Amino acid sequence: MGRTLAEKVWDDHVVRRAEGEPDLLYIDLHLLHEVTSPQAFDGLRKSGRQVRRLDLTIATEDHNTPTLDIDKPIADPVSRAQLETLRKNCAEFGVRLHPLGDVEQGVVHVVGPQLGLTQPGTTVVCGDSHTSTHGAFGALAFGIGTSQVEHVLATQTLPMVRPKTMAITVDGELPDGVTAKDLILAIIARIGTGGGQGYVLEYRGEAIEKLSMEARMTICNMSIEAGARAGMIAPDETTFAYLKGRPHAPEGADWDAAVEYWKTLRTDDDAEFDAEVVIDAAELSPFVTWGTNPGQGAPLSATVPDPASYEDASERFAAEKALEYMGLAAGQPLRSIKVDTVFVGSCTNGRIEDLRAAAEVLKGRKVADGVRMLVVPGSARVGLQAVSEGLDVVFKEAGAEWRHAGCSMCLGMNPDQLAPGERSASTSNRNFEGRQGKGGRTHLVSPQVAAATAVTGHLASPADLSADVPTPAGV
Amino acid sequence: MEAFTTHTGRAVPLRRSNVDTDQIIPAHWLKKVTRDGFEDGLFESWRKDPSFVLNQPERAGATVLVAGPDFGTGSSREHAVWALQNYGFKAVVSSRFADIFRGNSLKNGLLTVVLDQQIVDALWELTEQDPTAEVTVDLEAREVRAEGITASFELDENARWRLLNGLDDISLTLRDEQDISAYEAKRPSFKPRTLPV
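Reading guide: rules and limits
- Starting afresh in each chain, residues are numbered from 1 along the sequence in its written order.
- Following the order in which they are written, the chains are lettered starting with A and the ligands numbered starting with 1.
- pLDDT decides what is reported in this predicted model: residues at 70 or higher carry local features, side-chain atom pairs at 80 or more are listed and counted, and totals for whole chains, interfaces and linings draw on all residues regardless.
- Going along the chain from the N terminus, every DSSP run of H or I of four or more residues is numbered as a helix, and every run of E of two or more is numbered as a strand.
- To get the radius of gyration, use the C-alpha atoms; to get the globule rule, take the number of residues to the power 0.38 and multiply by 2.2 Å.
- Counting other C-beta atoms within 10 Å of a residue's C-beta gives its exposure: the residue is buried at 20 or more, exposed at 12 or fewer, and partly exposed in between, where C-beta atoms are placed from the backbone.
- Any two residues are considered in contact once their C-beta atoms, placed from the backbone, lie within 7 Å.
- What makes two strands pair is DSSP finding at least two bridges between them.
- Crossover handedness is defined by viewing with both strands directed away from the observer: a clockwise path from the first strand over the helix to the second marks the crossover as right-handed.
- Per residue, pLDDT measures the predictor's confidence, with a range of 0 to 100.
- The angle between two axes is taken between their N-to-C directions and runs from 0 to 180 degrees, where each axis is a line fitted to C-alpha atoms and a helix contributes only its stretch in contact.
- UniProt positions are given in the numbering used here, feature names are shortened, and annotations may be inferred rather than shown by experiment.
- Classes in brief: Ala, Val, Leu, Ile, Met, Phe, Trp, Tyr, Cys and Pro nonpolar; Asp, Glu, Lys and Arg charged; the others, Gly included, polar.
- Each angle gets one of four labels, with under 35 degrees taken as roughly parallel, over 145 as roughly antiparallel, 65 to 115 as roughly perpendicular, and the rest as oblique.
- Should the near helix be turned counterclockwise from the far one by less than a right angle, the crossing is left-handed, whereas a clockwise turn marks it as right-handed.
- Domain delimitation follows an automatic or database domain assignment.
- Throughout, the arc means the angular range of directions from the helix axis out to the C-beta atoms.
- Each nonpolar core reported here comprises buried Ala, Val, Leu, Ile, Met, Phe, Trp, Tyr and Cys residues connected via C-beta atoms within 7 Å.

## A closer look at the overall build of chain A
Right, on to step 1. In terms of helices and strands, chain A carries 17 helices and 19 strands.
Right, on to step 2. The C-alpha radius of gyration of chain A comes to 22 Å, within 12% of the 23 Å expected for a compact globule of 475 residues.
Right, on to step 3. When the backbone C-alpha atoms are referred to their principal axes, chain A occupies close to 60 × 55 × 50 Å.
Right, on to step 4. Expressed as a percentage of its 475 residues, the buried residues of chain A come to 60%.
Right, on to step 5. Within chain A, counting contacts between residues at least 6 apart in sequence, those at least 24 apart form 76% of the total.

So, in structure tokens, the structure goes:
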């Protein structure tokens, strides 16, 4: 019988297999950041171990980094200590590090792909659940805990139980104005936050094949919000074109050998998935969340659901709690929800295409009075690219704040946070209680919806704006 | 890692589903660089509410957490496991755990036990009515026992063996170091490297 993409990549990395034990899996690329690594380095030090493969390991600073005044000492002493700990650990053990201020610094899941380190058929791990992002290249990529970070540092392997596979087939074409973010939010609402648990998801079908690499990363990034540790998309010409010429992409004969291998990384026609979900792309529209987990979402055109409409008692209770926390009433149109803050950025939607999409909506328009909009590029390189295209000017002229790269308000470990009761439209990945700041209320949206929301002051899509501003002549 | 064989203690019934790791330990606690001292951050936001179950005096010293489905979703932060352990929990019971959280818990000797929701319901009812009721989590017998409740649970044999013996994963893996070297010798040259060769 044929094998799925995930099974092929898995099989190619088995170092040791024994009955009744997890497979020992080789790890091709280990990404590190400051939050989940200190205790792992400490463990190495205590047991007198070294990093086995420095040439497969790379670190950057992202979660704690400020997005303003990055040339000044970091004000929060605890954040500063954590960054200093990473710097000390990398220096001591010899790990390549891109610190704050370095041109390659940025959110770890933006940095790996843009350097060309994330490649098809590789295994990629990081002490961060959004490592699933890298699956967009046909890599098997998953988040790990700190004990596993230490394990990979010491052995370059991980004992892992083979996951099941689930196909998410998206047939047809996404309608105009519907983005990868809308699609993944709709998928999570459909299968639930636990629906992917125990599975590797493979996104496939016509709508997926037509997506750019950056859009594919947005999809795979949020696999974890459906409970799946990893999400994958088979590599194709789009993938190869993205990689060609990147700093760490193979060259010459190695490139040819790599592409030959990469082309084998497709699910065989006779392979069987353990589960399959089919989505009709044509039925989708801009999608936003109303609750406190990423599965609590609905089309922007809908209303806040009535908790009483849920048959399952625990879902009903969760919806009641969510509405209470979010300060929303059942039946309220989602478009009527007013926001204080708009955040464009994160490993979900902080890449250049995301910034272009938001800028296109904002061009010639203004952020509504009383709304604060933060635009945080996913990496320093993305920031430079945006500046070279003049996007920073578009954002600033519209009244948005143009910041330096980092995780920023996605989780508010740095000073970019919501105040209690403040409400955001955010292009990030989690609307958990307090995620963006104590008492903060988060609506997950696409970059396009974020920008339109900034203009109107309430949840809106770009289509809602067309009446407000005439299209400039000649465009 | 401390070995886990069997444990008996009072329980905390947590009637919540989708308890994500941001609730278990909020992000601002992640700036610490040690594995201890996270107990005050456990469920920090909910603990501000005096009626929250962990704040009830009769729950002091409880060691078994009985939670709703999809416990530990979200961020991979192992700090969530450390926070539960620092607070004094030895075992967590739920009908479903998020994968990364489950892996983290078992690597630290915090036993995560999957039981049917009906059993979880029964444990909630028992321990809500009688806060002094004791719950036994027996890894040797793979059984959870409380007054009127006996339920067996699954845990793969390898994970169980490591927990029962408190074995360290890295040492176990390094016993097969020659297998790792053999694999490395066969890796294709086109695989990415972060440093010049």
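Structure shown, so let's carry the discussion forward.
## Some remarks on the pairing of strand β4 (residues 57-60) of chain A
Walk down a regular strand and you will see the side chains alternate between the two sheet faces.
Residues and elements named next belong to chain A.
Right, on to step 1. Burial along β4 is two-sided: Thr57 and Ala59 facing one way and Ile58 and Thr60 facing the other are all buried.
Right, on to step 2. With three bridges joining them, strand β3 (residues 29-32) and β4 adopt parallel strand pairing. Bridge pairing in β4 links Leu31 to Ile58.
Right, on to step 3. Crossover β3 to β4 through helix α2 (residues 38-46) is right-handed.
Right, on to step 4. Taken together, β4, helix α3 (residues 77-93) and strand β5 (residues 96-98) constitute a β-α-β crossover, and its handedness is right-handed.

## Looking at the confidence of the model for chain B
Right, on to step 1. When the pLDDT values of chain B are averaged, the result is 96; 99% of them are 70 or greater.
Right, on to step 2. For this predicted complex, the interface confidence comes out at an ipTM of 0.94, alongside a pTM of 0.95.

## What to know about the sheet that holds strand β7 (residues 140-143) of chain A
Residues and elements named next belong to chain A.
Right, on to step 1. In space, the five strands of this open sheet follow the order β5-β4-β3-β6-β7, with parallel pairing throughout. Two strands close off the open sheet at either side, each with one partner strand: β5 and β7. Taken over all neighbouring pairs, the strand axes of this sheet differ in orientation by 20 degrees on average, direction set aside.

## A look at the UniProt feature "domain: Aconitase A/isopropylmalate dehydratase small subunit swivel" (unreviewed entry) in chain B
Right, on to step 1. With numbering matched to this structure, UniProt assigns "domain: Aconitase A/isopropylmalate dehydratase small subunit swivel" (unreviewed entry) to residues 1-117 of chain B.
Right, on to step 2. As a span, residues 1-117 of chain B carries 24% helix and 18% strand, and end to end its C-alpha atoms are 30 Å apart.

## Side note on the interface of chain B and chain A
Right, on to step 1. The partner chain A presents 67 residues to the 50 residues of chain B that form the contact.
Right, on to step 2. Elements represented by at least two residues in the side of chain B that touches chain A include exactly α1 (21-24), α4 (99-108), α6 (157-165), α7 (169-174) and α8 (177-185) of chain B.
Right, on to step 3. For the side of chain B that touches chain A, the element with the highest residue contribution is α4 of chain B, accounting for six residues.
Right, on to step 4. A breakdown of the residues in the side of chain B that touches chain A according to their chemical character gives 15 nonpolar, 18 polar and 17 charged.

## Considering the UniProt feature "binding site: [4Fe-4S] cluster" (unreviewed entry) in chain A
All names here are of chain A.
Right, on to step 1. Mapped onto the present numbering, the UniProt feature "binding site: [4Fe-4S] cluster" (unreviewed entry) falls on Cys347, Cys407 and Cys410. Taken together, the annotated residues stretch across 64 residues yet fold into one region, lying no more than 8.8 Å apart by C-alpha.
Right, on to step 2. Relative to the helices and strands, Cys407 resides in the loop between β17 (401-402) and β18 (423-426).
Right, on to step 3. The residues contacting Cys407, other than those within four sequence positions of it, are Asp62, His63, Val107, Ser346 and Met413.
Right, on to step 4. Its location among the elements puts Cys410 in the loop between β17 and β18.
Right, on to step 5. The exposure class of Cys410 is buried, given the 29 C-beta atoms found within 10 Å.
Right, on to step 6. Excluding residues within four positions of it along the chain, Cys410 makes contact with Gly345, Ser346, Ser428 and Asn429.

## Here we look at the sheet that holds strand β19 (residues 441-444) of chain A
Residues and elements named next belong to chain A.
Right, on to step 1. In space, the five strands of this open sheet follow the order β17-β16-β15-β18-β19, with parallel pairing throughout. Two strands in the sheet have a free side with no partner beyond their single neighbour: β17 and β19.
Right, on to step 2. Relative to β19, β18 is paired through four bridges, and the arrangement is parallel. By the bridge assignment, Ser426 is partnered in β19 with Leu444.

## Focus: the packing of helix α13 (residues 352-362) of chain A against helix α15 (residues 391-398) of chain A
Residues and elements named next belong to chain A.
Right, on to step 1. Put simply, α13 and α15 touch, their axes get as near as 9 Å, and they point 45 degrees apart. The angle between α13 and α15 places the two elements in the oblique class. The chirality of how α13 crosses α15 is left-handed. Contacts between α13 and α15 involve Leu355, Arg356, Ala359 and Leu362 from the first element and Leu391, Val394, Phe395 and Ala398 from the second.
Right, on to step 2. Its residues assigned to classes, the contact of α13 with α15 comprises seven nonpolar, no polar and one charged.

## So, the domain arrangement of chain A
Residues and elements named next belong to chain A.
Right, on to step 1. If you check the domain split of chain A, you get domain 1 (5-275) and domain 2 (287-465).
Right, on to step 2. Elements that contribute at least two residues to the side of domain 1 that touches domain 2 include exactly α4 (108-114), α6 (180-191) and α8 (213-221).
Right, on to step 3. By residue number, the principal contributor to the side of domain 1 that touches domain 2 is α6, which donates six residues.
Right, on to step 4. Each residue belonging to the side of domain 1 that touches domain 2 can be placed in one class, and the counts come to 13 nonpolar, 18 polar and seven charged.

## Quick word on α6 of chain B
Residues and elements named next belong to chain B.
Right, on to step 1. If you check which residues of α6 are buried, you get Ala159, Arg162 and Leu163. Along the axis of α6, the buried residues cluster in a sector spanning 95 degrees; they form a single face. When the buried face of α6 is taken as reference, the exposed residues oriented beyond 90 degrees from it are Glu157 and Asn165.
Right, on to step 2. Check the buried side of α6 and you find it contacts α4 and β4 (111-114).

## Remarks on the pairing of strand β15 (residues 341-344) of chain A
Residues and elements named next belong to chain A.
Right, on to step 1. Here β15 shows a buried face lined by Thr341 and Phe343 and a second buried face lined by Val342 and Val344.
Right, on to step 2. Pairing between β15 and strand β16 (residues 372-375): four bridges, direction parallel. Residue pairing in the sheet places Phe343 in a bridge with Leu374 of β16.
Right, on to step 3. Sheet analysis places β15 next to β18, joined by three bridges and oriented parallel. Bridging across to β18, Phe343 finds its partner in Ser426.

## What about the nonpolar core?
Right, on to step 1. Grouped together as the largest cluster of nonpolar side chains are 191 residues, with contacts concentrated most on Ala358 and Val375 of chain A together with Val66, Leu84 and Val93 of chain B.
Right, on to step 2. The two domains that each donate at least three residues to this core are domain 1 (5-275) and domain 2 (287-465) of chain A.
Right, on to step 3. Discounting chain neighbours no more than four positions away, the residues touching Leu84 of chain B are Ile24, Leu42, Leu65, Phe89, Val92 and Leu110 of chain B.

## Description of the environment of Leu459 of chain A
All names here are of chain A.
Right, on to step 1. Topologically, Leu459 is positioned in the loop between α16 (447-456) and α17 (462-465).
Right, on to step 2. The exposure class of Leu459 is buried, given the 25 C-beta atoms found within 10 Å.
Right, on to step 3. With 171 residues separating them in the primary sequence, Leu459 and Val288 have C-alpha atoms 8.6 Å apart.
Right, on to step 4. Those residues in contact with Leu459, other than ones at most four positions away along the chain, are Val288, Leu300, Leu334, Arg335, Ile337, Ala425, His443 and Thr453.

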